[in-house]
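Per-entry structural report
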Amino acid sequence: MEANPDEPHGAAVVADGFGLKGPRGWVFREVGLRAEPGSLVAIEGPSGSGRTCLLLALTGRMKAHEGHAEVAGLRLPRRMAAVRRISALGPVPGVSDLDPALTVDEHLRERALLQRRYDGSVRALVRRPAERAAATRARIDEALAAAGLDRDALPKSGRTSVRDLERLEALRLSVALALIGRPRVLALDDTDLKLSDADRAEAWALLRSVADAGTTVLAVCSEAPEGALRITTTAGDGAPADAGEEPTGTRAEDADEADGADEADGDEPRKAEADSSAPGGDEDRPGADGGAGDTRSARETPAARATDDTDDTENTGNTTEEGESDAFAETGRS
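The notes below deal with the structure included here. (Residues numbered from 1 in each chain as written. Predicted model: local features only at pLDDT ≥ 70, side-chain atom pairs only at ≥ 80, totals over all residues. Heavy atoms only, no water.)

A look at helix α1 (residues 51-58)
An α-helical segment advances 3.6 residues per turn. Residues three or four places apart therefore align on the same side. Most of α1 is tucked away, with 8 of its 8 residues classed as buried. For α1, every residue scored as buried is listed here: Arg-51, Thr-52, Cys-53, Leu-54, Leu-55, Leu-56, Ala-57 and Leu-58. At the exit of α1 stands Gly-60, carrying a positive phi of roughly 80°. (Buried < 20%, exposed > 50% of the residue type's maximum accessible area, 1.4 Å probe, protein only. Helix = DSSP H or I, 4+ residues; strand = E, 2+ residues; numbered from the N terminus.)

Have a look at this one:
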């Protein structure tokens, strides 16, 4: 899809009374948000408070049941497929994982091939092979530069397997793969998980640079950085979020109490609010490395994203977060 040069590359994200309900109750509820194109939005909160589900709902990968949101003027949940086409997922465990057996170059070539096949114009498909190869190399180099990933600095250059990458390097690779499609919205989960203080600072510097270049960034984290537009999700009762221009305060709840509320009563609603001054969230959740954290289904590929808007009303598959589950409307695009 060709971008309109008269419009900003990023997408404005607006939510008003946004909520998603699973079989055991509300996953999140009454989310209010206003983010301009090119904003860095940090979604923080305790494990099991609906952070990942909110991320997927705002990018058209899960169907909300209350209120509405708009991404680049596309209303959710009605225009979910259209939102998926302009958004891309970075690392989201269980949805857009890197294959540890593939090398860096193999991941990049695969993504560029799929991007050209499913999102390229007809004109691009009929180019000469040499022109297509040159365009592919240029797009990959552009994405790598934006993600700050230097293949030559890796142990085996582009032949380095994903399993041999450091956590920050894997994050940069996931961001580069997402940026190959030149999305207007980039979404990431567990942004600061298992990162040292120095690596965490580098990760946020990377995402700020992506946002400064015009792409709207939505990032789930345990603690939001300074200067980011903050949405804090809480388990248990919370005050309704304000959908106005200025972010509101948040109801601060102890993480242990929040987790206990989850276990004691699955029907307890969860609220999320936009906040520019609230304190940081929990420690990194253990579920990302096989612990008792989030579990999700359906690894997404660009091929799975080539769907029709008429499929927006369908829910397939189960997605859970700390015991909460909901059906994926459709597998998303990364």
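The structure having been displayed, the exposition proceeds.
Brief notes about unusual backbone geometry
At the junction of Leu-76 and Pro-77, the peptide bond is cis and its omega measures out at 10° in the coordinates. Secondary-structure assignment places Pro-77 in the loop between β5 (74-76) and α2 (80-86). One non-glycine residue, Arg-182, lies in positive phi territory at about 50°. By the secondary structure assignment, Arg-182 is in the loop between α6 (167-179) and β7 (185-188). Given a relative accessible area of 41%, Arg-182 falls into the partly exposed group. With a phi close to 60°, Lys-194 is a non-glycine residue in the positive phi region. Looking at the element boundaries, Lys-194 is found in the loop between β7 and α7 (197-212).

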